[in-house]
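# Summary of structural features
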2 protein chains.
Amino acid sequence: MSNVSIIGVGNMARAIGARALEGGNSVELIGRDQAKADALARDLGSGATTRAFGSAPSGDIVILAVLYASAVPIVRQYGDALAGKIIVDMANAFAPGATGLLTPDGSSAAEQIADVAPADAHVVKAFNTLFGHVLEAGSNQRRRLDVFLAGDDAPAKQAVSSFIDSLELHPLDAGPLTMARSLEHAGLLMMGLAGNGVGHYNFALAITDLTI
Amino acid sequence: MSNVSIIGVGNMARAIGARALEGGNSVELIGRDQAKADALARDLGSGATTRAFGSAPSGDIVILAVLYASAVPIVRQYGDALAGKIIVDMANAFAPGATGLLTPDGSSAAEQIADVAPADAHVVKAFNTLFGHVLEAGSNQRRRLDVFLAGDDAPAKQAVSSFIDSLELHPLDAGPLTMARSLEHAGLLMMGLAGNGVGHYNFALAITDLTI
């Protein structure tokens, strides 16, 4: 089991928090709005706790379940309170209308976060190809959805992969943190598919493994 | 059925040509090396023809089954011989080691091809998330693999989607041609997955549709 802190109180925090508790992990919820964090902790039950926004998280894995616009500022604000932590970034930096990405060329939300994180923290990109409602619905349907991840530190990726396993999801390591650029494009691709050939948002990106 | 011309005599040309003929389409093969085109046509049988490299293709759909380094020069060289054609680009512009893309930021191989194609030709990105050997093996296993596509002309995308259907593959429109950037990143993502979490190249990118 893992000790995780989730910064954010929206639908991704709820979906991952619920699965994390079902999987036997300890979950600490952190929100700028303490009342919302308290309410989410009550909803989730199973020993979920809260912590005041801005104080050092207790989890070894700190999951940023916030919008792109907030992610980099929050990591900068936390500063050394994230020293030694594994920081999981799931941001999709969509331009208006999901026609492109807001991140500068040759970068990614994950790399921007790594740039402002403490030197001994390890950023892992993950979960950005799962819509929050799919993560919730998938839990009921017990589908073992693929979760793509990327990062530069092998032990950190192993820890995040173990955590993903505990959520009854299937971790798939895509390589170094620069691969977050391709993962964020994959998030954009999903928006394009939803608005065109797929026609709805009730799907996840996956691989078809022909050896299975 | 479609009339397709395939420029290229490698494994993607072979795999798509074989499936196209099985699906009742007419297939014309075009290679710089006429002897290789003739040999491939003989191997494929089923009425596959060849045409001299550089002369106007007969197919309504012209499939570029060549490496990225050749794709743009070939389309430039063909010039008006591709007027009115649907040009299918499947190029992956991987940097050495598949650690990034060779295409300039804010562009894609497909958009570069569109830039040099005749004004009334329509470029559709497709097939770049399918390894050639997977396309061949998948044919034997009768797996209906997903084929992601992107382009700006709706009738052209419909024609390519019908062709993909005839190959017993599943077309999924991702949106306008700018989405080719995300599709080419998806190709890079697959290389990252192959070298890391998946550990082999016998897979295809897909969606898990939770409504099915």
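Residues numbered from 1 in each chain as written. Chains lettered and ligands numbered in written order. Predicted model: local features only at pLDDT ≥ 70, side-chain atom pairs only at ≥ 80, totals over all residues. Heavy atoms only, no water.

An unreviewed UniProt entry lists chain A under the name NADP oxidoreductase, with Leekyejoonella antrihumi given as the organism.

The next point concerns the interface of chain B and chain A. Taken together, the contacts link 37 residues of chain B with 37 residues of chain A. Contact between chain B and chain A buries roughly 3,300 Å² in total, counting both sides, with carbon and sulfur atoms accounting for 64%. Of all residues in chain B, the largest losses of buried area upon contact with chain A belong to Leu189(B), Thr208(B) and Leu210(B), amounting jointly to 20% of the total for that side. Applying the counting rule to chain B against chain A returns zero salt bridges. Along the contact surface separating chain B from chain A lie 12 residue pairs in polar contact (both at pLDDT 80 or more). Every element with two or more residues in the side of chain B that touches chain A is listed here: helix H5 (132-141), strand S8 (170-173), helix H7 (180-195) and strand S9 (203-209) of chain B. At nine residues, the largest contribution of residues to the side of chain B that touches chain A is made by H7(B). Grouping the constituent residues of the side of chain B that touches chain A by class yields 20 nonpolar, 12 polar and five charged. Where strand S9 (residues 203-209) of chain A and S9(B) come together, seven bridges link them in antiparallel fashion. From the neighbouring strand, Leu205(A) faces S9(B), where its bridge partner is Ile207(B). (Contact = heavy atoms within 4.5 Å. Buried area = accessible area lost by both parts, 1.4 Å probe. Salt bridge = Lys/Arg side-chain N within 4 Å of Asp/Glu carboxyl O. Polar contact = N/O pair within 3.5 Å; in protein donor to acceptor, adjacent residues only side chain to side chain. Helix = DSSP H or I, 4+ residues; strand = E, 2+ residues; numbered from the N terminus. Nonpolar A, V, L, I, M, F, W, Y, C, P; charged D, E, K, R; others polar. Pairing = 2+ DSSP bridges.)

Residues and elements named next belong to chain A. Along the chain, Glu 168 falls in the loop between helix H6 (154-166) and strand S8 (170-173). Judged by its relative accessible area of 37%, Glu 168 falls in the partly exposed class. Separated by 148 residues in sequence, Glu 168 and Ala 20 place their C-alpha atoms 9.3 Å apart. (Buried < 20%, exposed > 50% of the residue type's maximum accessible area, 1.4 Å probe, protein only.)

What follows is about the relation of the copies chain B and chain A. What relates the two chain copies is a rotation about an axis together with a slide along it. With an RMSD of 0.0 Å, the fit of chain B onto chain A corresponds to turning through 180 degrees and sliding 0.0 Å along the axis. The superposition operator between the copies reduces to a two-fold rotation axis. Considering only C-alpha atoms, the residue of chain B closest to the rotation axis is Ala206(B), which sits at 2.5 Å. A high fraction, 100%, of the interface residues of chain B reappear at the interface in chain A, so the copies pair face to face through one surface. (Least-squares fit on C-alpha atoms with pLDDT ≥ 70 in both.)

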